Amino acid sequence: MRISGRTRTYGILGYPVSHSLSPVMQNAAFGQMKFDAAYLPFEVRPEDLRAALDGIRALGVAGVNVTIPHKEAVLAYLDDVDPEAAAIGAVNTVVNRDGRLIGYNTDGAGFLAALRSEARFAPKKRNVLILGAGGAARGIAHTVASAGAASLVIANRTVSHADLLAQGLSHHFPYLKVRTCELNPAAMEPHLASAHLVIQTTSLGMKPTDPSPIPSKLFRKDHVVCDIVYTQETPLLKAARSRGVKVSGGLGMLVHQGAAAIFLWTGRRPNLNVMKLALVAGIRAKSARKR
Ligand code: ATR
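Just so you know, these numbers come straight off a predicted model, no measurement behind them.

(A) Representation of the overall build of the protein in the model. Secondary structure summary: the protein contains 10 helices and 12 strands in total. Viewed in the frame of its principal axes, the protein has a C-alpha envelope of about 60 × 45 × 30 Å. When burial is assessed residue by residue, the protein has 49% of its 291 residues classed as buried. In the protein, the proportion of contacts linking residues at least 24 apart, taken out of those at least 6 apart, comes to 67%. Summed over its atoms, the accessible surface of the protein is roughly 14100 Å², and 54% of this surface lies on carbon and sulfur atoms. In the protein, the 35 positive side-chain charges and the 20 negative ones have mean positions that sit 9 Å from each other.

As C-alpha cells, this is what we get:
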C-alpha cells in the first residue's frame, strides 16, 4: 500500500478494536480495487465517541465502520440516519458526505446476501427461528422481517429479553407473527418442526467445546441453518451438516456487510473472494499466535 497526499482515510471505531479483522479485509478490498485508500483501527472509549465523530469531520475521514460497543450510541452524533438503520437502532457504517455524517446498517443486507449466495435461500414467506435476542439478533430479525418472513420465533436464555425484542418487532411489523421461547431443545422442538430457517446469533459456539444448542436429531434436510460466529464452524453448524442440512457460517456475512460498506463509500463493488481470502488468512494468523 502506498500512502500519498491524496490517500483517503477509512477505519473502524470500536472498543476494544485490536481483535478486529476488518482492517485486513477492507484493505485487501481497496488494494484489489486499486483505490487509493487506507483503512485503520480506531480504538475509541465510549466517553470519547462524540469527540471521535467530530474528529472524523475535522480530519475529513471519508467513512468508518462501527462495532461493539458503539453501534447504538453512535446514532446520537450523526447528522442523518438511513431509515432501516434507524428502525434497527444500530449503525455499522458511517459515510462522510462533505462533512455530514450519515449512518447506515449493512449487517442485514450482508446477512441476506450471504444467505442467498451460500444457501440459495430467501426468507420471504418462510418461518424463521432466531437464537438470541441481543444487538445482532435485533438487526437480523428486522432484516428477515423486512424481507417478508411469514413468522419469527425468538429463542433466548433470558426470555424477557426475547419478549422485549418481539414487542419492538410487532410495533414495526404489525402483521408479522412473532413468538418467543426458552433457548433449550425441548422449548425449541415444536418451532423447529415448522421452521425453514434457523439463525444462531449468540456467542455460543465461539469456543469449540461449547455444546450445540440444538441436537442434530432435531434437524430436517430442508432446514437452512446460519450462524453468525465466523472464527470456525460452530458445533451447531456441524450438527446440522451431519444431517445433510444446508449451512451458512458468519464469514460470508462479514464479507458481504464489509462489501456493502465499501459500496456506500465508493459506489464500487469490491471483489468478495479477495476479502474472504484475506479474512481466512487473518483468522489463521490469529489462531497461530494463540497457540
Ligand atoms: P450481540 O450484540 O453480539 O448480539 P449482546 O447484545 O450482548 O451481543 O447479546 C448477546 C446474546 O447472546 C443474548 O441473546 C444473550 O442471552 P441473554 O439475553 O440471556 O443474555 C446471548 N448469550 C450470551 N452468552 C450466552 C450463553 N452462554 N448461552 C446462551 N446465550 C448466551
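And the narrative resumes.
(B) Looking closely at the site of the ligand. Neighbouring the ligand are 13 residues; Ala133, Asn156, Arg157, Thr158 and His161 lie closest to it. Interatomic distance of 2.6 Å between a side-chain N/O atom of His161 and an oxygen atom of the ligand. Burial of the ligand by the surrounding chains reaches 64%, relative to a free accessible area of 650 Å².

(C) Seen up close, the sheet that holds strand E10 (residues 197-200). What the six strands build is an open sheet, ordered E9-E8-E7-E10-E11-E12; its pairing is parallel. The sheet is open, and its two edges are formed by strand E9 (177-182) and strand E12 (246-248), each paired on a single side. Taken over all neighbouring pairs, the strand axes of this sheet differ in orientation by 15 degrees on average, direction set aside. Note: E10 against strand E11 (residues 224-227), four bridges, orientation parallel. Directly across from Leu197, in E11, lies its bridge partner Val224. Packed onto the sheet, helix H4 (residues 107-119) meets E10, E11 and E12 and runs at close to 135 degrees relative to E11.

(D) Seen up close, the nonpolar core. In terms of nonpolar packing, the biggest core is built from 29 residues, with Phe111, Ile130, Leu152 and Ile199 touching the most fellow members. Of all the secondary structure elements, the ones that give two or more residues to this core are H4, strand E7 (127-131), helix H5 (135-146), strand E8 (151-156), helix H6 (159-172), E10 and E11. Residue contacts for Leu152: discarding those within four places in its chain leaves Val128, Ile130, Ala141, Val144, Leu169, Leu176, Lys177, Val178 and Arg179. Within the second largest apolar cluster, 25 residues are counted, among which are Ala29, Phe30, Leu254 and Val255.

(E) Main features of the packing of aromatic side chains. Counted by the stated rule, this structure contains five aromatic pairs. Ring plane angle 45 degrees and centroid distance 5.1 Å describe the contact between Tyr10 and Phe30, whose orientation is recorded as tilted. Taken together, the residues Tyr10 in strand E1 (residues 8-14) and Phe30 in helix H1 (residues 22-33) connect sequence positions 20 residues apart. Comparing Tyr10 with Phe30, the two get one shared label, buried.

(F) Layout of the sheet that holds strand E4 (residues 80-81). Here six strands make up an open sheet; going across it, the order is E2-E1-E3-E5-E6-E4 and the pairing mixed. Strands at the two margins of the open sheet, each flanked by one partner only, are strand E2 (37-43) and E4. Strand direction decides the pairing type here: E1 and strand E3 (residues 63-66), joined by four bridges, are parallel. Bridging across to E3, Tyr10 finds its partner in Gly63. Against the sheet, helix H9 (residues 250-266) engages E1, E2, E3, strand E5 (93-97) and strand E6 (100-104), with an angle of about 10 degrees to E5.

(G) Just the pairing of E5, in detail. The buried count for E5 comes to four of five residues, which makes it a mostly enclosed element. Pairing between E5 and E6: five bridges, direction antiparallel. The residue bridging Arg97 from the neighbouring strand is Arg100, located in E6. Hairpin geometry of E5 and E6 is characterised by an intervening segment of two residues between the two adjacent antiparallel strands and by a positive phi of about 50 degrees at Asp98.

(H) Geometry of the packing of H1 against helix H10 (residues 272-290). Running from amino to carboxyl end, H1 crosses H10 at an angle of 145 degrees, the nearest separation of the two axes being 8 Å. Handedness of the crossing formed by H1 with H10: right-handed. Side by side, H1 and H10 meet where Val24, Met25, Gln26, Ala28, Ala29 and Gln32 of the first sit next to Val274, Met275, Ala278 and Leu279 of the second. Looking at the contact of H1 with H10, its residues break down into eight nonpolar, two polar and no charged.

Analysis parameters
Residues numbered from 1 in each chain as written. Predicted model: local features only at pLDDT ≥ 70, side-chain atom pairs only at ≥ 80, totals over all residues. Heavy atoms only, no water. Helix = DSSP H or I, 4+ residues; strand = E, 2+ residues; numbered from the N terminus. Buried < 20%, exposed > 50% of the residue type's maximum accessible area, 1.4 Å probe, protein only. Contact = heavy atoms within 4.5 Å. Areas by Shrake-Rupley, 256 points an atom, 1.4 Å probe, with all protein chains shown as cover. Lys, Arg positive; Asp, Glu negative; His and termini not counted. Charge placed at Lys NZ, Arg CZ, Asp CG, Glu CD. Near = heavy atom within 4 Å. Polar contact = N/O pair within 3.5 Å; in protein donor to acceptor, adjacent residues only side chain to side chain. Pairing = 2+ DSSP bridges. Axes fitted to C-alpha atoms, helices over the stretch in contact; angles between N-to-C directions. Core = buried A, V, L, I, M, F, W, Y, C linked by side-chain atoms within 4.5 Å. Phe/Tyr/Trp six-rings, centres within 6.5 Å; stacked < 30°, edge-to-face > 60°. Left-handed = near helix turned anticlockwise from the far one by under 90°. Nonpolar A, V, L, I, M, F, W, Y, C, P; charged D, E, K, R; others polar.

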